[in-house]
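So the chains spell out like this:
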Amino acid sequence: MSDRTQHAANPDVDVDVIVVGAGPAGSCAAIALARAGFSVVLLERGPFPGSKNMYGGVVYPRILDELIPRWYDEAPVQRWITRRSTMVMTDTQAMSIDFRNDAWAAPPYNGATAYRPDFDHWLAGHAESAGAQLLCSTTATGLLRDRSGAVTGVTTDRPDGDLTARLVIACDGVNSFLAKDAGLYREVAAKHYTLGVKETIGLPKEVIDERFGVRGREGVDIEIIGCTSGVNGGGFVYTNLDTVAVGVVLKLPALAAQQLRPEQIIAKMKTHSAIAPLVEGGELKEYSAHLIPEAGLSMMPKLATAGLLVAGDAAALCLAAGIWLEGVNFAMASGMYAGQAAAEALRRGDTSEQGLAGYERRLTETFVLRDHRKLRRAPALVLSDRVQHRYPQMVAAVVERMFRVDNPDPKPGLRRILAQERKRAGVRRRDLARDGWAGLRTFG
Amino acid sequence: MNSPIDIVVCLKLTARPGVADADERFAGVSPADQAALETALVLAEHSRGSVTAAAVGPVAAELALREALACGAHRAVRLDAPSALDSAEVARQLEGVVGDAAIVVCGDYSLDRGSGSVPAFLAHRLRCAQALGLVSVDHTGVVDRMLHVVRRLDGGRRELLTVPLPCVLSVEGSVARLRRAGLRDALAARTTNIDVRPSAPMAAHAATAVVTPYRPRARTMMSPGDPDPLARLRALTDATGSSTRGETVALEPGEAAERILRSLREWGYLD
Ligand SMILES: Cc1cc2nc3c(=O)[nH]c(=O)nc-3n(C[C@H](O)[C@H](O)[C@H](O)COP(=O)(O)OP(=O)(O)OC[C@H]3O[C@@H](n4cnc5c(N)ncnc54)[C@H](O)[C@@H]3O)c2cc1C
């Protein structure tokens, strides 16, 4: 770079920090570092931040309070989530627990639906305003290292594309090539990932308001279990202003074994009597798919090595625990903490693995690793065969019998129904007790 | 070698087709404009010349100019003007930037499928040679101030032209593939100074051309009397009739113009 020394504090490198990936993690890391006075280049392979990114659709941005006070006045939000439903489904039945909270329609809010091309673009705009240099349409293709093995920069797909830095932060999302290149992952196995696929369906706003029972900017988040045609996973329906997101998250080995295509599974889910009235008549606007690092702590890589930090999905920090599918807030938080720890290390002039230990300490002290530790058994439990296939049948059958009026027969007792339906669903008492206990330990 | 030559490449940033508003995330220049930029850069490399990237439009147009700078343009000029100007007005605005440049290169269409007439208006204003809708530009002649180019004609034919400088060229997207900007150049281009000039006062009676898709006029036909349905269909569709062939006429220019207008009127292109 012609102005090599102008930016970086150390004249031997092009820039203080290279952040790879302008997703939520990368932009928050870049904001924290640029505000701390370091020169930052934020590389993004897409033509603009968010252009390559997809997710279900609900973001919990309270963590931004620290970086962008009153973020809710400016964030490109579609709707504020005021209604959350958890639905258990069989082919012909559905049971929901529905929660509505008016307080979530006002600051500081709780969750919001937002389109990633809007949200990520907005967040990266803050990184640029803070002084980071955003360079799009540029893919980091590998790591540069010195003789000791410490990371000293990245190679990119541009001509003349090597860029050196005192520190690299890999925020390149799930299946991070940079983290793998650095040897930070012990094992990369298909069982640790789920495939998320989503249809975005256009409907007039008034129709969405009426069908989902909301008004103005209020929105709905429905998480579903038992809607995935026998493939272990889950589903979701989220409302945007004039679109509805309908999607499923599917365990990869199970999907391969069933030889089903994800779009077939969504198509079937959309014909279910609990979903069809919500989306019928809509126009398919977009179909998208993306991997999710689902296994939490059990797949997490080492988070730092000399000259390199890993944040967000690149570090498998997405929390996928049944009723919670939170990745964006974990990415924003880990990005921000990576930025803060990096700034600390750069000031001390120590970017060795030890010098970067402040990053993991921050994650351990905050919700990022605390939630992951607490919910470490959740992914396996939620995706287990019994929770996926047997319990939805059992629960639906129990509820059906409770509400069925079989006169002249008298109403049966709940205990009897439970025992009968447990047997019919093929659930052993021992397993039910074990799963109940595991559920309590996991979520309690 | 002759003295270095100045080349101006004109770029238009537009929203991609299908995107309702002019959201800069979805805006870009056409493949033809990209080919124009590459052509300009190659011509400059062969003549030790310099390239000025020019755009008429609001601030967003600077995205196209920064990309040009990253790829190797030496300087960039934006004429600050609203984006919805007609071709004659755009050419009028560009005239001041072009100055004494020896070559002006434009794309032959913008992403919003404009009429491609800016280069023609520009050549007219500059009173210089023009070669439009080119499918190939041979850069070797640039040192002799003479370009050998190939122009697309109807019916798959080609026209070989020798164009003296100064000239205005417009090129199709297939002429050249724009080089990828180097990393350092791309970073540097983010902050390179762009020369922003106020637009010249708008012409009082700027002509407005409304371009509509071609819709042939309905033809009045007698209802075919044949009782056989196939024969009626043939009569209505001319399916087996002889197709109209091109016709060569030798006329004086004035008569030729009359004749062209009459035919265009008959075919439904003109009201
Ligand atoms: C179907 C689905 C539904 C989901 N639903 C939700 C939800 O409702 N709520 C929620 O909070 N989370 C959800 N998630 C998870 C969430 O999307 C992720 O956890 C989050 O996006 C992680 O952010 P990140 O910044 O770490 O990575 P990403 O968002 O993946 O961003 C990575 C960025 O890096 C860029 N990049 C990658 N490689 C390179 C490279 N080599 N060079 C340059 N740039 C590169 C990418 O283009 C991208 O911009 C969902 C995920 C899926 C797949």
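The structure displayed is predicted, hence computed values, not measured ones. (Residues numbered from 1 in each chain as written. Chains lettered and ligands numbered in written order. Predicted model: local features only at pLDDT ≥ 70, side-chain atom pairs only at ≥ 80, totals over all residues. Heavy atoms only, no water.)

### Topic: the overall build of chain B
Definition in use: Secondary structure elements are defined from DSSP: runs of H or I of at least 4 residues count as helices, runs of E of at least 2 residues count as strands, and each element is numbered from the N terminus. In this scheme, a residue with accessible area under 20% of its type's maximum is buried, one over 50% is exposed, and one in between is partly exposed, where area comes from a 1.4 Å probe on protein chains only. Any two residues whose heavy atoms approach within 4.5 Å at even a single point are treated as in contact. Only the protein chains shown count as covering a residue, and every accessible area follows the Shrake-Rupley method with a 1.4 Å probe.
Scanning chain B from terminus to terminus reveals 7 helices and 11 strands. Counting all 271 residues of chain B, 39% fall into the buried class. Taking the intrachain contacts of chain B between residues at least 6 apart in sequence as the baseline, contacts between residues at least 24 apart amount to 69%. Counting every atom, chain B has about 15600 Å² of accessible surface; 53% of that belongs to carbon and sulfur.

### Concerning the overall build of chain A
Note the following rule: Only the C-alpha atoms count toward the radius of gyration. The rule for a globule is 2.2 Å times the residue count to the power 0.38.
The secondary structure content of chain A amounts to 15 helices and 19 strands. On C-alpha atoms alone, chain A measures out to a radius of gyration of 23 Å, which is about the 22 Å that the 2.2 N^0.38 rule sets for 444 residues. If one aligns the C-alpha atoms of chain A with their principal axes, the spans along those axes are about 90 × 50 × 40 Å. The buried share among the 444 residues of chain A stands at 56%.

### Observations regarding the pattern of salt bridges
Any two side chains of opposite charge can pair, given that their charged atoms come close. What counts, and what does not: Salt bridges are counted wherever a side-chain nitrogen of Lys or Arg sits within 4 Å of a carboxyl oxygen of Asp or Glu.
Evaluation of the coordinates by the stated rule reveals 43 salt bridges over all chains. With a shortest N-O distance of 3.0 Å, Arg404(A) and Asp406(A) are connected by a salt bridge. In this structure, Glu95(B) engages Arg125(B) in a salt bridge whose closest nitrogen and oxygen atoms are separated by 2.6 Å. Residue Glu95(B) is found in helix 3 (residues 87–98), and its partner Arg125(B) is found in helix 4 (residues 118–126); the two are separated by 30 residues along the sequence. A residue is classified by how much of its surface remains accessible, and Arg125(B), at 35% relative accessible area, is partly exposed.

### A look at the packing of aromatic side chains
Residues and elements named next belong to chain A. As a reminder of what qualifies: The rule is short: rings of Phe, Tyr and Trp, with Trp giving its six-membered ring, pair when the centres are within 6.5 Å, and they are stacked under 30 degrees, edge-to-face over 60, tilted in between. Criterion for a charge above a ring: Lys NZ or Arg CZ within 6 Å of the ring centre, and within 35 degrees of the ring normal.
Tallied over the entire structure, the rule returns 10 aromatic pairs over all chains. Ring geometry for Trp71 against Tyr72: centres 5.1 Å apart, planes inclined by 75°, an arrangement best described as edge-to-face. Tyr72 matches Trp71 in its accessibility class, with the two residues each being buried. Through successive ring pairs, a cluster of aromatic residues spans Trp71, Tyr72, Trp80 and Tyr109. For Arg116, the ring lying beneath its charged end belongs to Tyr55, and the centroid distance is 5.1 Å.

### So, the side chain of Glu421(A)
All names here are of chain A. Its location among the elements puts Glu421 in helix 14 (residues 414–424). With relative accessibility at 4%, the residue Glu421 sits in the buried group. Excluding its chain neighbours within four sequence positions, the residues that come into contact with Glu421 are Met394, Ala397, Val398 and Arg401.

### Comments concerning helix 13 (residues 385–403) of chain A
What counts here: Here, expected helix span is obtained from the residue count minus one, scaled by 1.5 Å. Two axes enter the definition of the bend at a residue: one is fitted to the seven residues ending there, the other to the seven starting there, and the bend is the angle between them.
When the terminal C-alpha atoms of helix 13 of chain A are compared, their 27 Å separation across 19 residues agrees well with the 27 Å that a helix rising 1.5 Å per residue should span. The sharpest bend along helix 13 of chain A reaches about 40° and sits at Tyr391(A), with the proline Pro392(A) one to four residues further on.

### Topic: empty space enclosed by the protein
All names here are of chain A. The cut-off we apply is this: Only protein atoms enter the 1 Å grid used here. Points where a 1.4 Å probe fits but cannot escape make up a cavity, open sets with protein on both sides within 12 Å along at least five of seven lines make up a pocket, and a residue lines them when an atom lies within 4 Å of a point. Grid points are joined across faces, edges and corners, and a volume is the space filled by probe spheres set on the points. Charged residues are taken to be Asp, Glu, Lys and Arg, nonpolar residues to be Ala, Val, Leu, Ile, Met, Phe, Trp, Tyr, Cys and Pro, and polar residues to be all remaining types, Gly included.
Under the criterion given, the structure shown has 2 cavities of 30 Å³ or more. In this structure, the second largest cavity occupies an estimated 30 Å³ of space. Along its surface, the second largest cavity is lined by Ala295, Gly296, Leu297, Leu319, His372, Leu375, Arg376 and Pro379. Grouping the amino acids of the lining of the second largest cavity by side-chain chemistry returns 5 nonpolar, 2 polar and 1 charged.

### Some points on the sheet that holds strand 9 (residues 158–164) of chain B
Residues and elements named next belong to chain B. So the rule is basically this: Pairs of strands are assigned from DSSP output, requiring at least two bridges between the strands. Simply put, an axis is a line fit to the C-alpha atoms, just over the touching stretch for a helix, and the angle between two N-to-C directions goes from 0 to 180 degrees.
Spatial strand order, 9-8-7-10-6-1-4-5-11: 9 strands in an open sheet with mixed pairing. Whereas interior strands pair on both sides, the edge strands pair on one side only; in this sheet they are strand 9 and strand 11 (195–198). The average angle at which neighbouring strand axes cross in this sheet is 35°, direction not considered. By the bridge criterion, 4 bridges tie strand 5 (residues 75–80) to strand 11 in an arrangement that is parallel. Each bridged residue has a counterpart across the sheet, and for Leu79 the counterpart in strand 11 is Arg197. Contacting strand 1 (6–10), strand 6 (103–107), strand 7 (129–138) and strand 10 (167–171), helix 4 crosses the sheet at an angle of about 130° to strand 7.

### Some remarks on the interface of chain B and chain A
What counts is decided by this rule: By definition, the buried area sums, over both parts, the 1.4 Å-probe accessible area that each loses when the two are put together. Any N or O atom pair separated by 3.5 Å or less is treated as a polar contact, with the protein-specific requirement of one donor-capable and one acceptor-capable atom, and with residues adjacent in sequence counted only for side-chain atom pairs.
Taken together, the contact pairs 10 residues of chain B with 23 residues of chain A. When the two sides are added together, the surface that chain B and chain A hide from each other amounts to roughly 1600 Å², 52% of it contributed by carbon and sulfur. Taken together, chain B and chain A are joined by 5 salt bridges. Note that Asp160(A) and Arg184(B) form a salt bridge whose closest N and O atoms lie 3.5 Å from each other. The tally of links between chain B and chain A comes to 10 residue pairs in polar contact (both at pLDDT 80 or more).

### Remarks on a nonpolar patch on the surface
Residues and elements named next belong to chain A. To be explicit about the condition: Candidates for patches are residues over 30% relative accessible area with no salt bridge; among them, like charges are joined within 9 Å and nonpolar side chains (Val, Leu, Ile, Met, Phe, Trp, Tyr) within 5 Å.
Among the surface-exposed residues, Met402, Phe403, Leu414 and Leu418 lie close enough to one another that they form a single nonpolar patch of about 420 Å² accessible area. The set of elements that each furnish at least two residues to the nonpolar patch consists of helix 13 and helix 14. Examined against the element boundaries, Phe403 turns out to sit in helix 13.

### Some points on the domain arrangement of chain A
Residue and element names in this part refer to chain A. Just so we agree on the cut-off: Throughout the structure description, domain borders are defined by an automatic or database domain assignment.
Split into domains, chain A comes out as domain 1 (3–76 + 114–188 + 299–376), domain 2 (190–293) and domain 3 (384–443). On a C-alpha basis, the centroid separation for the pair domain 1 and domain 2 is 29 Å. Domain 1 puts 18 residues into the contact, and the matching count from domain 2 is 21 residues. Interface of domain 1 and domain 2: buried area, both sides summed, is about 1700 Å²; carbon and sulfur atoms make up 65% of it. Across the contact surface, domain 1 and domain 2 share 1 salt bridge.

### What about the confidence of the model for chain A?
Put simply, the rule reads: Known as pLDDT, the predictor's per-residue confidence is scaled from 0 to 100.
Residues with a pLDDT of 70 or more make up 98% of chain A, whose mean pLDDT is 94. Within the model, the stretch residues 1–6 of chain A combines pLDDT values under 50 with 9 contacts to residues more than four positions away or in other chains.

### Considerations on the site of the ligand
Residue and element names in this part refer to chain A. The condition is simple: Residues are classed as near a molecule or strand on a simple rule: at least one heavy atom within 4 Å of it.
Taken together, 35 residues sit near the ligand, with Glu44, Gly56, Val58, Arg116 and Asp313 positioned nearest. A distance of 3.2 Å separates an oxygen atom of the ligand from a polar atom in the backbone of Pro24. Val328 places a polar main-chain atom, nitrogen or oxygen, 2.9 Å from an oxygen atom of the ligand. Contact with the protein chains covers 97% of the free accessible surface of the ligand, which is 1000 Å². Of all the secondary-structure elements, those providing two or more residues to the shell around the ligand are helix 2 (24–35), strand 15 (283–293), strand 19 (324–326) and helix 9 (328–348). Per-element accounting of the shell around the ligand gives the leading share, 3 residues, to strand 15. Grouping the constituent residues of the shell around the ligand by class yields 16 nonpolar, 12 polar and 7 charged. When we break the shell around the ligand down by domain, the ones giving at least three residues each are domain 1 (3–76 + 114–188 + 299–376) and domain 2 (190–293).

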